[in-house]
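An overview of the molecular structure
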Amino acid sequence: MLDHEQVTIRTGRRSRLPVIVAVHSTALGPAAGGLRLWHYPDWRDGLTDALRLSAGMTAKFAVAGLSSGGGKTVVALPEGREPNDGERRDVLHDVADVIDSLGGMYATGPDVGTGAEDMAVIGETTPHVFCRPARLGGSGDSSPHTARGALAALRAVGRRLYGTPTLDGRRLAIIGLGRVGAGLARLLAAEGAVLTVTDVDPAKRELAGELGAGWLAPGDILAADVDIVVPAALGSVLTRRTVAELRCRAVAGPANDQLATPDVADLLHGRGIIWVPDYVAGAGGVINAVSTELNHLDPDEAAARVDAIADTVDHLLDTAQRHGHTPARAASDLARHRLHTGSRPA
Ligand code: PHE
């Protein structure tokens, strides 16, 4: 069953690449969600990603108490070749055409493979875009805010595990040193956390060195002997197989769509490992963008909203414990409640 309101798939007029815009829900307001420009073996894999990621955005906004719906755009790049600058502009203009044709039901933003400068290009064609650079009136790069929100979530986990939110001396394994992962690694290093990191790009070892972090191969990091594993890259890292390998006490991080299948949340719970739903820990970017660009909060107020992710995690972990079920269930119940009542938190 398709539970999305609308999915648009169009071959870009300029790029000839498939542009996929999935609008999952506008129940709480116009949909928002980033543009993922990524390589897929087949464009249908990009469609699968768009469907899952857009549903995740609906939950992300609902739990954050924001009046936006969930959407996502995926452009499936062919494997093995990066677009040059001209081709990239063509892709972005093709995306902008599709978004503009939706008449405001969906606005995009940055995601894996895109950033504020790309949003500037999209903004040449359509107003329905978040996170353009500050010089153009946008809120700019969302990744520092996502990293800040993930840190807030990790502190809440720290408090749950050790009775204190400080991460000084805690051992954390970060999977992925992209914009968000690298920013989070810096914040954690500054806090005194003992880091082990990985990335599919071996050049990121340099940052590991700079931060005094250990390095493991991507295939080895989930089994690292650490307190908390922090997914900060692509989705589906938590599978039946990888959960069996985990040696940590919690998994919490900003990567979207971390569970290969929903039942993996129960496996984590069964192993006594706390899993903070990705759409809670990774909400800082959209919270900042929507709070500043739509709700016109000043940067400090927006940052306070991002930091409040810690309260949300506290609340979800409490609720889960009280009911003896998973934080995933507590979060999806909260999302469903907000979607049904259209209500915002007090
Ligand atoms: N990549 C962001 C996320 O998954 C998407 C986003 C950021 C959308 C900022 C709009 C504004 O949450």
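Residues numbered from 1 in each chain as written. Predicted model: local features only at pLDDT ≥ 70, side-chain atom pairs only at ≥ 80, totals over all residues. Heavy atoms only, no water.

1. Details of the sheet that holds strand β11 (residues 250-251)
Strand pairing in a sheet relies on backbone hydrogen bonds. The paired strands run either parallel or antiparallel. In space, the 6 strands of this open sheet follow the order β9-β8-β7-β10-β11-β12, with parallel pairing throughout. If you trace the sheet from one side to the other, it starts and ends with β9 (214-215) and β12 (274-275), each paired once. Strands β7 (171-175), β8 (194-198) and β10 (228-231) of the sheet are contacted by helix α5 (residues 179-190), whose axis makes an angle of about 165° with β7. (Pairing = 2+ DSSP bridges. Helix = DSSP H or I, 4+ residues; strand = E, 2+ residues; numbered from the N terminus. Contact = heavy atoms within 4.5 Å. Axes fitted to C-alpha atoms, helices over the stretch in contact; angles between N-to-C directions.)

2. Focus on helix α10 (residues 284-294)
Burial analysis of α10 places 9 of its 11 residues in the buried class, the great majority of the element. Listed as buried for α10 are G284, G285, V286, I287, N288, A289, V290, S291 and T292. Tucked into the core, α10 has its buried residues touching α1 (43-64), α4 (143-162), α11 (299-307) and α12 (309-323). A positive backbone phi angle near 55° is found at H296, which sits one or two residues after α10. (Buried < 20%, exposed > 50% of the residue type's maximum accessible area, 1.4 Å probe, protein only.)

3. Let's talk about the UniProt feature "active site" (unreviewed entry) in the chain
Per the UniProt record, the feature "active site" (unreviewed entry) sits at K72. The topology assignment puts K72 in strand β5 (residues 69-77). By relative accessible area, K72 is classed as buried at 1%. In contact with K72, not counting residues within four places along its chain, are I20, V21, A22, G33, G34, A50, L53, S54, M57, Y106, D111 and N256. (UniProt positions renumbered as here; feature names shortened; annotations may be inferred.)

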